[in-house]
Structure formats: C-alpha cells, structure tokens
Amino acid sequence: TTGALMRRVNGSSSGAEVVRGIERLDFTYGVINNNGNLQYLTASQVDSVSSCPAVERYPLASTPGCLWRFVQSVRVNILMDGESPLYSLPAILQNYVYLPDGTTTPTAPSAHAITPSSQGFPTPMMRRAFSTTVSLRNVNP
C-alpha cells in the first residue's frame, strides 16, 4: 500500500529497499534548445531527437540519440507520502504540486497525470514533493 525506492544490482529482478514512501521518481534532462534557452526534456524526448547541432567536439550530428551529448543538467523530482492513510484528512489538504505533471498550484490527487489510485496507493495521504537540479560537470564550465 506504499511505494518504496528500490536498489537493483546488475538488472536483477529482485532488489533491496532503500526508503519507503516514494510514490514517484522522475528525471528530466536539461539541454540548450535552438534559441539558446535551457529546456528540460524526458528521456524519451532526448532519445527521439536525431538532428543535433554539429560542433567541433561532437561532429556526428545526425545519429539517433545525439542529444544526450548536450545534456547539461538533470532535474530529479520525488513525490513522497506519509505511508499511512489519513481517512479523516480533508480533501483540500490532500492536494499537492508535482512539477513533472505541470501543476503549479496544489491540485487534487485525481487530477495529476499519474494518480495515486492508479498505482495502488490510497488517496487520503499527506504528500510532499521534492526537486533538485544537478549540473553535469563534464558539460558546464
């Protein structure tokens, strides 16, 4: 009834639990777009690009997945819950913001892109979202 962050070794089907109460873990990758602005994309969006700017360091600009060479940062988003349902929790206190879903104001659990109930989690729980951005040293000055 609660999520957990699992550690797997060498792709094995079994893993060790690292921490409980993790409902979602999302990564987005920061790349510079054609306008020179930093844009965060999902892994599938980065994979789908097959036409990248040719620069001296990376001359192969038309290979599938070439955009991975231009990733400058990684944004990590985690949605945690309190593990125990609080059935007396008013609906307004169940609302939360989760950046990968595009919400900027507290929104009901049922209105998010991936709902807690679709993952088997009870809806009446306290949830908190955490986000951090990690700069990749091999790209940035």
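Note that the structure is predicted; figures quoted are calculated from it, not measured.

Definitions and cut-offs
Residues numbered from 1 in each chain as written. Predicted model: local features only at pLDDT ≥ 70, side-chain atom pairs only at ≥ 80, totals over all residues. Heavy atoms only, no water. Core = buried A, V, L, I, M, F, W, Y, C linked by side-chain atoms within 4.5 Å. Buried < 20%, exposed > 50% of the residue type's maximum accessible area, 1.4 Å probe, protein only. Helix = DSSP H or I, 4+ residues; strand = E, 2+ residues; numbered from the N terminus. Contact = heavy atoms within 4.5 Å. Pairing = 2+ DSSP bridges. Axes fitted to C-alpha atoms, helices over the stretch in contact; angles between N-to-C directions. Phe/Tyr/Trp six-rings, centres within 6.5 Å; stacked < 30°, edge-to-face > 60°. Lys NZ or Arg CZ within 6 Å of the ring centre and 35° of its normal.

Undergrad: Help me out: how do you make sense of the nonpolar core in this one?
TA: Most often, soluble globular proteins have nonpolar side chains that are buried together. Counting 11 residues, the largest nonpolar core consists of Tyr-29, Val-31, Leu-41, Val-46, Cys-52, Cys-66, Leu-67, Phe-70, Val-71, Val-74 and Val-76. Contributions of two or more residues to this core are made by strand 3 (22–32) and strand 5 (71–81). Of the residues forming this core, the biggest block, three residues, is contributed by strand 5. Among all residues touching Val-74, those that are not within four sequence positions of it are Phe-27, Thr-28, Tyr-29, Thr-132, Thr-133, Val-134 and Leu-136.

Undergrad: Would you explain the sheet that holds strand 6 (residues 127–135) in this entry?
TA: To summarise the sheet geometry, strands pair through backbone hydrogen bonds and adopt either a parallel or an antiparallel arrangement. In spatial order, the strands read 4-3-5-6; together these four strands make up an open sheet with antiparallel pairing. In this open sheet, the two edge strands, each paired with only one partner strand, are strand 4 (38–41) and strand 6. Adjacent strand axes in the sheet meet at a mean angle of 25° when their direction is disregarded. Both strand 3 and strand 4 contribute to a ladder of four bridges, which runs antiparallel. Following the sheet pairing, Ile-32 is matched in strand 4 by Leu-38.

Undergrad: Would you explain the packing of aromatic side chains in this entry?
TA: What characterises a pair of aromatic rings is the spacing of the ring centres plus the angle enclosed by the ring planes. The final tally for this structure, using the stated rule, is one aromatic pair. With a centroid separation of 4.9 Å and an interplanar angle of 75°, the aromatic rings of Tyr-29 and Trp-68 are classed as edge-to-face. Separated by 39 residues along the polypeptide, Tyr-29 in strand 3 and Trp-68 in the loop between helix 1 (43–48) and strand 5 bring together distant segments of the chain. In this arrangement the basic side chain of Arg-75 is found over the ring face of Tyr-40, its NZ or CZ atom lying 3.8 Å from the centre.

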